[in-house]
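The primary structure of each chain is shown beneath.
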Amino acid sequence: MTPVRSGGTIHGVGLGPGAQDLMSVRSDSLVRGARHVAYFRKAGRPGQARKIVEGMLRDDVIEFAMEYPVTTEIPVSDPRYNDCLSAFYTACTDHLAALVKAGEDVVVLCEGDPFFYGSFMHLYTRLQPIAPVAVVPGITGMSGAWTASGAPITWGDDVLTVLMGTLPEEDLVRRIRDTDALVVMKIGRHLDKLRRAVAAAGREDAAWLVEYAAMADQRVTRLCEANAVTPYFAILLIHGQGRRP
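Calculation criteria
- Residues numbered from 1 in each chain as written.
- Predicted model: local features only at pLDDT ≥ 70, side-chain atom pairs only at ≥ 80, totals over all residues.
- Heavy atoms only, no water.
- Salt bridge = Lys/Arg side-chain N within 4 Å of Asp/Glu carboxyl O.
- Helix = DSSP H or I, 4+ residues; strand = E, 2+ residues; numbered from the N terminus.
- Buried < 20%, exposed > 50% of the residue type's maximum accessible area, 1.4 Å probe, protein only.
- Contact = heavy atoms within 4.5 Å.
- Pairing = 2+ DSSP bridges.
- Axes fitted to C-alpha atoms, helices over the stretch in contact; angles between N-to-C directions.
- Phe/Tyr/Trp six-rings, centres within 6.5 Å; stacked < 30°, edge-to-face > 60°.
- Lys NZ or Arg CZ within 6 Å of the ring centre and 35° of its normal.

Chemist: Mind showing me how you'd approach the pattern of salt bridges here?
Modeler: Between side chains of opposite charge, a pair can form when the charged atoms approach closely. Taken as a whole and judged by the stated rule, the model has ten salt bridges. Where Asp157 meets Arg243, a salt bridge forms, and the shortest distance between an N and an O atom there is 2.9 Å. One end of the pair, Asp157, is in the loop between helix H5 (141-149) and strand E6 (160-164); the other, Arg243, is in the segment after strand E10 (234-238), with 86 residues separating them in the sequence. Residue Asp157 shares its accessibility class with Arg243, and that shared class is exposed. Several salt bridges converge on common partners, so that one network encompasses Arg50, Glu54 and Glu63.

Chemist: When you look at the environment of Leu163 in this model, what are you seeing that I'm missing?
Modeler: Tracing the backbone through its elements, the reader meets Leu163 in strand E6. Once the C-alpha coordinates of Leu163 and Leu109 are considered, the two residues, 54 residues apart in sequence, prove to be 24 Å apart. Beyond its immediate chain neighbours, meaning those up to four positions away, Leu163 contacts Leu172, Arg175, Ile176, Leu182, Val183, Val184 and Met185.

Chemist: Please clarify how the sheet that holds strand E2 (residues 36-42) should be interpreted in this entry.
Modeler: Pairing between the strands of a sheet comes from backbone hydrogen bonds, and it takes one of two forms, parallel or antiparallel. The sheet built from five strands is open, its strands ordered E3-E2-E4-E1-E5 with parallel pairing. Single-partner strands in this sheet number two, and they are strand E3 (62-68) and strand E5 (133-136). Here the average twist between neighbouring strands, direction ignored, is 25°. Strand direction decides the pairing type here: E2 and E3, joined by seven bridges, are parallel. Counterpart to Arg41 in the pairing with E3 is Glu67. Sheet contacts for helix H1 (residues 25-33): strand E1 (10-14), strand E4 (106-110) and E5; angle to E1, the most-contacted strand, approximately 130°.

Chemist: Sorry, what's going on with the packing of aromatic side chains here?
Modeler: Here a ring pair, both rings aromatic, is described through the centre-centre distance and the interplanar angle of the planes. Inspection of every chain in the model, using the stated rule, returns nine aromatic pairs. Ring geometry for Tyr68 and Phe88: centres 5.7 Å apart, planes at 50°, overall tilted. Here Tyr68 is found in strand E3, whereas its partner Phe88 is found in helix H3 (residues 79-101), with 20 residues between them in sequence. You can call Tyr68 partly exposed: its relative accessible area is 22%. Residue Phe88 is classed as buried on the basis of its relative accessible area, which comes to 11%. With a centroid separation of 4.8 Å and 75° between ring planes, the pair formed by Phe116 and Tyr117 is classed as edge-to-face. Judged by its relative accessible area of 25%, Phe116 is partly exposed. Look at Tyr117 and you get partly exposed, because its relative accessible area is 40%. Among the aromatic side chains, those forming a connected cluster through ring pairs are Phe40, Tyr68, Phe88 and Tyr89. Arg222 extends its terminal NZ or CZ atom over the ring of Trp208, reaching a point 5.0 Å from the ring centre. Of note, Arg244 hangs over the ring of Trp155, and the distance from its end group to the ring centre comes to 3.6 Å.

Right, dumping it as structure tokens:
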């Protein structure tokens, strides 16, 4: 695609874990001043990023909801999954680039931090060669989760490992066993597999589930006491117990 020549900029803005008062001053200013706001959401849903900024947007704001064409309907291993999402991200990129070409600034709302397992990264890699892109970091969801747990996640020389619940069970067991402190994201329908992996690694008594960290319906539960988990915004924690004075 030909580089865009204009005064517009795409801003990938980290909103933090879910509370407006945990946003940075820069994020707050960009969100409140934006004429164009874009955000991802599942079809038929308002979108968590959009919910976070409710009441903050200008009266004349123009919203661009980027609705995922697929989430869990097709397995990630199916080639159609990548093909479908690639076309989706390309279409979103074209729309945002057109706005920049017209001289408009656009704020893309990002849950947590834009560069930490977020969908914005797929726009960034497409937009960065052709348009001005600025990124505002945010507090990650996992930081909100371990703060909600009321205990430090790491001490001294502890090694922290971040895993996705979508990994094969044997990989989960090995990595859970080998680390000091643990964060597991993308749990959803993988709770039973994750529970087995934690138990096989001998860490079940130390595992906690945090749901909706920093949000109004925040919940912290021991893994052994959890019967189900929310599809999104659930994180598993095992706290490190390393060196301390």
